[in-house]
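# Descriptive structure summary
Letter by letter, the chains look like this.
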Amino acid sequence: MIRRAAVVGCCAAFLGAGIAVAASLPGIPKAFQPYKSWHKVNAKLIRPTSTTAHPGTKNVYASKKKVAGRYPVGTLIVKEGFTTAGGKRFVSLIATMRKQRGLDPAHGNWKFIEWTRSSPNARFTEIARDATCWGCHAQAKRTDWVYTTR
Ligand code: HEC
């Protein structure tokens, strides 16, 4: 048992190093991890305002481009938010939308989930989903429930 724990410790440290290089985010589902290679929706970094729900400075990425003003079924959207703690700037928020055929027509067939963490190497934990998100995002209904258009 002790030996096994030591091996796990070693590999976790090794993986930790890998994570820093590959910038993968522990606790975030695999499907969302490659978001940096997707289409970036915002032209400029989104700065915090007093009215937005999601704190920090942000970027928004989409796995597919809109077709006739709507995102295709299967589109994944990630909003990454940055925080600075202890002099280190790191990704502290991942808010996601995933469009699934027939999932929930009343809410654009989007699945909403948001995760956060408070330090650079910590695992993300879910803070809220769906019903918490609909009230605000309904105001962006005309742009397929997505606020960021540029
Ligand atoms: C108080 C209003 C509010 C709530 C509640 C809210 N959002 Fe947002 N969300 C916004 C605004 C405004 C933006 C546009 C970017 C910005 O200003 O941060 C946004 C942007 C996003 C984006 C990037 C795509 C886009 O619409 O621009 C995702 C993904 C997202 N939110 C997910 C969520 C999830 C998941 C929840 C629920 C857990 C949620 N949001 C709850 C206001 C809200």
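Residues numbered from 1 in each chain as written. Predicted model: local features only at pLDDT ≥ 70, side-chain atom pairs only at ≥ 80, totals over all residues.

## Here we look at the overall build of the protein
Condition: Counting from the N terminus, the helices are DSSP H or I runs at least four residues long and the strands are E runs at least two residues long. C-beta atoms are placed from the backbone for every residue, and two residues are taken to be in contact when these atoms lie within 7 Å.
Helices and strands together make up the secondary structure of the protein, namely two helices and six strands. When its helices and strands are written in sequence order, the protein yields α-β-β-β-β-β-β-α. For the protein, the proportion of contacts with a sequence separation of at least 24, taken over those separated by at least 6, is 41%.

## Re the nonpolar core
For clarity, the cut-off: One nonpolar core equals one set of buried Ala, Val, Leu, Ile, Met, Phe, Trp, Tyr and Cys residues connected by C-beta atoms within 7 Å. Put simply, a residue is buried when 20 or more other C-beta atoms lie within 10 Å of its own C-beta and exposed when 12 or fewer do; between those, it is partly exposed, and each C-beta is set from the backbone.
One finds Ile28, Phe32, Tyr61, Ala62, Ile77, Val78 and Ile94 to be the most contacted residues of the largest nonpolar core, which totals 21 residues. Broken down by secondary-structure element, the contributors of at least two residues to this core are strand S2 (57-62), strand S3 (76-85), strand S4 (88-99) and strand S5 (110-116). Setting aside residues up to four positions removed in sequence, Phe32 forms contacts with Leu76, Val78, Ile94 and Thr96.

## Some points on the site of the ligand
Worth spelling out the cut-off: Using a C-beta atom placed from the backbone, a residue is scored as near a molecule or strand whenever that atom is within 6 Å of it. Residue polarity follows a fixed list, in which Ala, Val, Leu, Ile, Met, Phe, Trp, Tyr, Cys and Pro are nonpolar, Asp, Glu, Lys and Arg are charged, and the others, Gly among them, are polar.
Residues in contact with the ligand amount to 25 residues; listed here are only the nearest, Ala53, Ala95, Cys133, Cys136 and Thr148. Take the shell around the ligand: its biggest share by element is five residues, from helix H2 (residues 131-137). When its residues are assigned to classes, the shell around the ligand shows 14 nonpolar, seven polar and four charged.

## What about the pairing of S3?
Formally: Strands are labelled as partners when DSSP assigns at least two bridges between them.
As paired elements, S2 and S3 share six bridges and run antiparallel to each other. Counterpart to Val60 in the pairing with S3 is Lys79. Inspection of the sheet shows S3 paired to S4 by 10 bridges, in the antiparallel sense. Each bridged residue has a counterpart across the sheet, and for Ile77 the counterpart in S4 is Met97. The antiparallel pairing of S3 with S4 creates a hairpin that spans two residues between the two strands, and Gly86 there sits at a positive phi of about 60 degrees.

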